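A structural walkthrough
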Amino acid sequence: MDHEVSVVLKNGERFDFPLGADELAAVDAATARHWIGEEFRRAGLENPNPMGKMLLVDQILLLAGNIKAADLHPATPEVRRFFCAALKAMGRPTLTIDLAAFKL
């Protein structure tokens, strides 16, 4: 089965990105979580949790919110890498990143 990431932008526009097994095979779950953490730090994003606890879900949502709409259609290689890392890190075959509702 192929995998898919869907992104719902704040304006409600939805993009679906099928990902092949070959793309996902390049990274394991631990490496994906580390890569997401590094990208989060590199982007200079702030922890939204007032308790100070950083959740993987928050990192994915905030990183996705930084993606430019022009990089989604078509998805750039870096965006596709992010989607693969998000799927692997979350351990799911499909994932919807809903920026309008700020949830996965």
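None of these values were measured; they are calculated from a predicted model.

1. With respect to the overall build of the protein
The helix and strand inventory of the protein stands at 4 helices and 3 strands. Walking the protein from its N terminus toward its C terminus, one meets helices and strands in the order β-β-α-α-α-α-β. Relative to its length of 104 residues, the protein is compact, with a C-alpha radius of gyration of 13 Å against a globular reference of 13 Å. If you line up the protein on its principal axes, its C-alpha atoms span 40 × 35 × 20 Å. Residue burial in the protein is summarised as follows: out of 104 residues, 37% are buried. Looking at the protein as shown, the accessible area adds up to about 6000 Å², and 54% of this sits on carbon and sulfur atoms.

2. Thoughts on the pattern of salt bridges
Scanning the model with the defined rule gives 4 salt bridges in all. Note that R14 is salt-bridged to D16, the shortest N-O span being 3.1 Å. E23 is paired through a salt bridge with R80; the nearest N and O atoms lie 2.8 Å apart. Of this pair, E23 sits in helix α1 (residues 21-24) while R80 sits in helix α4 (residues 77-90); the two residues are 57 residues apart in sequence, bridging distant segments of the chain. We classify R80 as partly exposed; its relative accessible area is 22%.

3. Quick look at helix α3 (residues 56-65)
Residues of α3 that are buried include every one of D58, Q59, I60, L61, L63 and A64, and no others. Next to the buried residues of α3 lie α2 (29-42), α4 and β3 (94-98).

4. Considerations on the packing of aromatic side chains
In the structure shown here, the tally under the stated rule is 3 aromatic pairs. Note on F15 and F17: the rings are 6.3 Å apart at their centroids and 25° apart in plane angle, and the pair reads as stacked. F17 matches F15 in its accessibility class, with the two residues each being buried. In this structure an aromatic cluster arises from ring pairing among F15, F17, F82 and F83.

5. Section: the environment of D98
In this structure, D98 sits in strand β3. Assessed through its relative accessible area of 16%, D98 is described here as buried. Remark: the alpha-carbon pair of D98 and V79, spanning 19 residues in sequence, is separated by 16 Å. With residues up to four places along the chain from it excluded, the contact list for D98 reads V8, L61 and K103.

What counts and what doesn't
Residues numbered from 1 in each chain as written. Predicted model: local features only at pLDDT ≥ 70, side-chain atom pairs only at ≥ 80, totals over all residues. Heavy atoms only, no water. Helix = DSSP H or I, 4+ residues; strand = E, 2+ residues; numbered from the N terminus. Rg over C-alpha atoms; globule rule 2.2 N^0.38 Å. Buried < 20%, exposed > 50% of the residue type's maximum accessible area, 1.4 Å probe, protein only. Areas by Shrake-Rupley, 256 points an atom, 1.4 Å probe, with all protein chains shown as cover. Salt bridge = Lys/Arg side-chain N within 4 Å of Asp/Glu carboxyl O. Contact = heavy atoms within 4.5 Å. Phe/Tyr/Trp six-rings, centres within 6.5 Å; stacked < 30°, edge-to-face > 60°.

Take it as geometry only, folks, not as evidence of what the structure does.
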